[in-house]
Amino acid sequence: DQQVKQNSPSLSVQEGRISILNCDYTNSMFDYFLWYKKYPAEGPTFLISISSIKDKNEDGRFTVFLNKSAKHLSLHIVPSQPGDSAVYFCAASLIQNNDMRFGAGTRLTVKP
Amino acid sequence: KAGVTQTPRYLIKTRGQQVTLSCSPISGHRSVSWYQQTPGQGLQFLFEYFSETQRNKGNFPGRFSGRQFSNSRSEMNVSTLELGDSALYLCASSLVAASNTEAFFGQGTRLTVV
């Protein structure tokens, strides 16, 4: 039961341009969403999060947008840098517990 | 401050065997969650422990079990291993169970079942 879906397994963008990673979820009860970045041979690291009471959260080059009616969130990276090349996972959870559900991940490649 | 430590990093087992993986959370963190990562499936939630009690459980068969000790260290056990159990197993620690701030992940244990 894939409650969180990342339909694009990979994305390639040019350095300096915008990267947009998308994520859809099916459970309308989810009220907290997170993005993690994972480099090879390392565990995922937290990138940015958003609660369901907001529709946008920004942290430097990273912005997460949440569209609750569409059950969709996206991560924007502007400008993209080669060091951003990694696998990005979106996750969703209920505030009451620690049961995060992850998407399958999107591999981002930023070309110099 | 030491990060999340998982041991061993790599493991090769034979079908039918059992395996135990270990996770030491960040000092002071009481919640430990386990995830299985396979290509195409992403990170799938196995279970979460808080104060030595299993709080949440994902949709995995009973061959997958875990426990947490009083020092918050956690172990995950898989019995009667199958080829499909080959995966990267990640544990994540959080300060408190009811928190949904960032979780800190270990580097994972790469399990290969042959």
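The structure presented is a predicted model; accordingly, all values stated were derived computationally and were not measured.

(A) How the structure looks around the state of the cysteines. All names here are of chain B. Summed over all chains, the structure comprises two disulfides over all chains. Cysteine 23 shares a disulfide with cysteine 91; S-S distance 1.8 Å. Measuring the twist about the S-S bond at about 65°, one finds the cysteine 23-cysteine 91 disulfide to be right-handed. In this pair, cysteine 23 is assigned in strand 3 (residues 19–24) and cysteine 91 in strand 9 (residues 87–94), connecting sequence segments 68 residues apart. Judged by its relative accessible area of 0%, cysteine 23 is buried.

(B) Fine view of unusual backbone geometry. Residue valine 78 of chain A is joined to proline 79 of chain A through a cis peptide bond whose omega torsion reads -15°. Considering the arrangement of structural elements, one finds proline 79 of chain A in the loop between strand 8 (72–77) and strand 9 (86–93). Of the consecutive residues threonine 7 of chain B and proline 8 of chain B, the connecting peptide bond is found in the cis state with omega at -10°. You can see proline 8 of chain B is positioned in the loop between strand 1 (5–7) and strand 2 (10–13). The backbone phi angle of serine 51 of chain B is positive, close to 50°, even though this residue is not glycine. Looking at the element boundaries, serine 51 of chain B is found in the loop between strand 5 (42–50) and strand 6 (53–57).

Quick notes on the rules
- Residues numbered from 1 in each chain as written.
- Chains lettered and ligands numbered in written order.
- Predicted model: local features only at pLDDT ≥ 70, side-chain atom pairs only at ≥ 80, totals over all residues.
- Heavy atoms only, no water.
- Disulfide = S-S within 2.5 Å.
- Helix = DSSP H or I, 4+ residues; strand = E, 2+ residues; numbered from the N terminus.
- Buried < 20%, exposed > 50% of the residue type's maximum accessible area, 1.4 Å probe, protein only.

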